[in-house]
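# Structural overview for review
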Amino acid sequence: MNSNRFSPLTLLSVVLAFVCTSLNAEPVVDKPAPLFSGTESANGSKINLADLRGKTVVLEWTNHECPFVVKHYQSGNIPKLQKIAADKGYVWLQVISSAPGKQGHLDGPTAQKLNAERGATPANTLFDHDGTIGKLYGATNTPQLFIIDPEGILVYKGGIDSIASADQADIAKAQNYISAAFDDLAAGRKVSQPSTKPYGCTVKYAS
């Protein structure tokens, strides 16, 4: 008997392990961003990422009850970045992966009201109640951001800035990775820091 031969059961196990690993793999910078479709949004529309091809897209994982998110909204930091993005023609999408009953879970009208109160101007807010999109992107924290170029390539993933704190006073001292990425893209350059470590609250998945 050839000990180097794999049994059908062993081969099946290897294939399943590879498939599971692939499905749970984080997206890779400079590779196509994972696509999602039919996603419910705050304004009632269904969002398909493929329909946004030709535009730069920013995905912001958020949880309005997370103190790290509160820091960046109360200070005006994220609303300012959203306005810059809109002025450049970018599509900024908030993503809420908080499961029903978990911290940060919202419905459409409440999300829209909250954004109005905070002076936030995302193009839309996506509801990822079952965590499908969050796990597709390997989202672990709020806030956490991903930038996709007009060709559908992921050009940035990670944190909003370089100081992991919930103190608003640290914003001015931190390197803002998102504004730096915007500057690089506007100049036609490759994003100089395409992958950084996110910080904040953990995403409140159902499991």
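You'll find the structure just up there.
Residues numbered from 1 in each chain as written. Predicted model: local features only at pLDDT ≥ 70, side-chain atom pairs only at ≥ 80, totals over all residues. Heavy atoms only, no water.

## What about the state of the cysteines?
The condition that has to hold: Note on terminology: pairs of cysteine sulfur atoms within 2.5 Å are recorded as disulfides. Secondary structure elements follow DSSP: runs of H or I of four or more residues count as helices, runs of E of two or more count as strands, with numbering from the N terminus. Burial classification: accessible surface area is computed with a 1.4 Å probe over protein chains only, and a residue below 20% of its type maximum counts as buried, one above 50% as exposed, and the rest as partly exposed.
Applying the stated criterion across every chain yields a total of one disulfide. One disulfide in the model links Cys66 with Cys201; its S-S distance is 2.2 Å. Its S-S torsion of about 95 degrees marks the bond between Cys66 and Cys201 as right-handed, since a negative value means left-handed. Separated by 135 residues along the polypeptide, Cys66 in the loop between strand E3 (57-61) and helix H2 (67-74) and Cys201 in strand E9 (residues 201-202) bring together distant segments of the chain. Judged by relative accessible area, which is 0%, Cys66 ranks as buried. By relative accessible area, which is 12% here, Cys201 ends up buried.

## Observations concerning the packing of aromatic side chains
Short version of the rule: Within 6.5 Å between ring centres, the rings of Phe, Tyr and Trp (the latter by its six-membered ring) count as paired, and their orientation is classed by plane angle as stacked under 30 degrees, edge-to-face over 60, tilted in between. Should the NZ of a Lys or the CZ of an Arg lie within 6 Å of a ring centre and within 35 degrees of the ring normal, that charge is described as sitting over the ring.
By the definition in use, this model includes six aromatic pairs. The interplanar angle of 70 degrees and the centroid separation of 5.4 Å between the aromatic rings of Trp61 and Phe146 together place this pair among those described as edge-to-face. In this pair, Trp61 sits in strand E3 while Phe146 sits in strand E7 (residues 144-148), placing the two residues 85 residues apart along the sequence. Here Trp61 falls in the buried class, since its relative accessible area comes to 0%. Residue Phe146 is classed as buried on the basis of its relative accessible area, which comes to 1%. Cation over ring: Arg118 sits above Tyr73, and NZ or CZ is 3.7 Å from the ring centre.

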